[in-house]
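Report on the structure
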Amino acid sequence: MNNVILHHYPQSPVSEKVRVALGVKTLPWHSVIIPRLPPKPDLMPLTGGYRRAPVMQIGADIYCDSQCILRELERRFPTPSFFPSGEEGLVWSLSRWTDGELLDIAVRQVLGATVDELSADFARDRGRLYLGPRQTVRDLQADLPHLTDQLRGAFTWLEGSLRRTGAYVLGSELGLGDVLFYYIAWFLRVRWPDGAAFLARFPAVEAWERAIRARGHGDVQTMESAVALDIAAESQTETPEKIDPDDPQGLRCGQRVGVVPVGDGGDPVVCGRLRYADRVSLALMITDPRVGEVCVHFPRVGYRVTRDPD
Ligand SMILES: N[C@@H](CCC(=O)N[C@@H](CS)C(=O)NCC(=O)O)C(=O)O
């Protein structure tokens, strides 16, 4: 069963990054819509506790975090490449800034500017998740001029690159470098009331947004979450048992480990038996009564592996 299933929700910017990436690959995929707030009862059996969106499922293999999802898409479906310019390492390095600091600034801008429209539950949950225990979404309002100032500088860099190439970030072809910026622009445009006026200051960015939007999301079919859970239950992992012998932590196959996003505001730890680890990804086996045994994959950069977590 090699079908791509994406567990996501429409308003999620990181999910939009993966939806656009599926469009770059022009792939067929199945869409399972998950709730925006916990509990996420049909996601937890697959991830063992990881709550964020999106999550990709292929049979009994579950990919958490967009970094891990995009890497797996490139491995399984190499053509057309996410890296048409040939530059791969630099694009992954760029992702650490776009998905880290730049996304954080954009999230603060959107939450701070829309605080009066947010439901109390949503504001509390996202405040805890993105701002930590000492700040609330309302505190962001005082910081809005600074946040817009930071975004303006970043979009000036993007505008400069696009004017130079006349097309995409790294040249004449669309690639992951574009997707990494595009979802931030999309988020500002659709969720920030002043987003369209902000982006109108960057004409090359607006033309580039139109070109990427026209590429679409690939060939999408909706799927019920129960069907995705049945597929996981009926499938076996395709991931080999293999650990890098030069692993800096001396990780071993079958060892019980926990995985925690570095610097995250309270996501639960996922624990399981280690099955696979290389320099950039790792995978654990977890068991749930609804789906049996599934293999959950995480990136290594940005995640801490804890040994013997219990
Ligand atoms: N590092 C993760 C971040 C994912 C993330 O923060 N997603 C947001 C939605 S855009 C989220 O999960 N928010 C909380 C939730 O949906 O429960 C990735 O790249 O996938």
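So, a few notes on the structure that sits alongside this text. (Residues numbered from 1 in each chain as written. Predicted model: local features only at pLDDT ≥ 70, side-chain atom pairs only at ≥ 80, totals over all residues. Heavy atoms only, no water.)

Re helix 10 (residues 225-234)
Among the residues of helix 10, Ser225, Ala228, Leu229, Ile231 and Ala232 are the ones counted as buried. Angularly, the buried residues of helix 10 cover 155° about the axis, an arc narrow enough to put them on a single face. For helix 10, the elements touching its buried residues are strand 1 (5-8), strand 2 (28-33), helix 2 (44-47), strand 3 (55-58) and strand 10 (292-299). (Buried < 20%, exposed > 50% of the residue type's maximum accessible area, 1.4 Å probe, protein only. Helix = DSSP H or I, 4+ residues; strand = E, 2+ residues; numbered from the N terminus. Arc of directions from axis to C-beta. Contact = heavy atoms within 4.5 Å.)

Focus on the packing of aromatic side chains
Applying the stated rule across the entire model yields 11 aromatic pairs. Taking 5.7 Å as the distance between ring centres and 45° as the angle between the ring planes, the aromatic pair formed by Trp97 and Trp157 counts as tilted. In this pair, Trp97 is assigned in helix 4 (residues 89-113) and Trp157 in helix 6 (residues 144-165), connecting sequence segments 60 residues apart. The exposure class assigned to Trp97 is partly exposed, which follows from its relative accessible area of 24%. Among the aromatic side chains, those forming a connected cluster through ring pairs are Phe155, Trp192, Phe198 and Phe202. Taking NZ or CZ as reference, Lys25 lies 4.2 Å from the ring centre of Phe82, over its face. In this arrangement the basic side chain of Arg71 is found over the ring face of Trp92, its NZ or CZ atom lying 4.3 Å from the centre. (Phe/Tyr/Trp six-rings, centres within 6.5 Å; stacked < 30°, edge-to-face > 60°. Lys NZ or Arg CZ within 6 Å of the ring centre and 35° of its normal.)

Let's talk about the side chain of Asp178
Tracing the backbone shows Asp178 in helix 7 (residues 176-191). No salt bridge is formed by the buried Asp178; the nearest opposite charge belongs to Arg215, separated by 9.0 Å. A distance of 2.8 Å separates the side chain of Asp178 from the backbone nitrogen of Val169, its partner in a polar contact. Each residue touching Asp178, except ones within four places of it in the same chain, is listed here: Tyr168, Val169, Glu173, Trp208 and Ile212. (Lys, Arg positive; Asp, Glu negative; His and termini not counted. Salt bridge = Lys/Arg side-chain N within 4 Å of Asp/Glu carboxyl O. Polar contact = N/O pair within 3.5 Å; in protein donor to acceptor, adjacent residues only side chain to side chain.)

What to know about helix 5 (residues 120-131)
Relative to the 16 Å expected for 12 residues at 1.5 Å per residue, helix 5 spans 15 Å between its end C-alpha atoms, a close match to the ideal helical length. Within helix 5, the full set of buried residues consists of Phe122, Ala123, Asp125, Arg126, Gly127, Leu129 and Leu131. For helix 5, the secondary structure elements touched by its buried residues are helix 4 and helix 7. Directly beyond the C-terminal end of helix 5, a positive phi value near 80° is found at Gly132. (Expected span 1.5 Å × (residues − 1).)

Comments concerning the site of the ligand
In the region of the ligand, 15 residues are neighbours, and Tyr9, Lys40, Arg51, Arg52 and Ser66 sit closest. Lys40 is positioned with one of its side-chain polar atoms (N or O) 2.6 Å from an oxygen atom of the ligand. Out of a free accessible area of 500 Å², the ligand has 90% covered by protein chains. Only helix 1 (13-24) and helix 5 provide two or more residues apiece to the shell around the ligand. Tallying contributions element by element places helix 5 first for the shell around the ligand, with 3 residues. For the shell around the ligand, the per-class residue count stands at 7 nonpolar, 2 polar and 6 charged. (Near = heavy atom within 4 Å. Areas by Shrake-Rupley, 256 points an atom, 1.4 Å probe, with all protein chains shown as cover. Nonpolar A, V, L, I, M, F, W, Y, C, P; charged D, E, K, R; others polar.)

Digging into the layout of surface pockets
Of the volumes computed, that of the second largest pocket is approximately 330 Å³. Listing elements by their share of the lining of the second largest pocket, those giving two or more residues are strand 4 (61-64) and helix 3 (66-76). No other element matches helix 3, which puts 6 residues into the lining of the second largest pocket. (1 Å grid on protein atoms, 1.4 Å probe; cavity = no way out; pocket = protein on both sides within 12 Å on 5 of 7 lines; lining within 4 Å. Points joined across faces, edges and corners; volume = space filled by probe spheres on them.)

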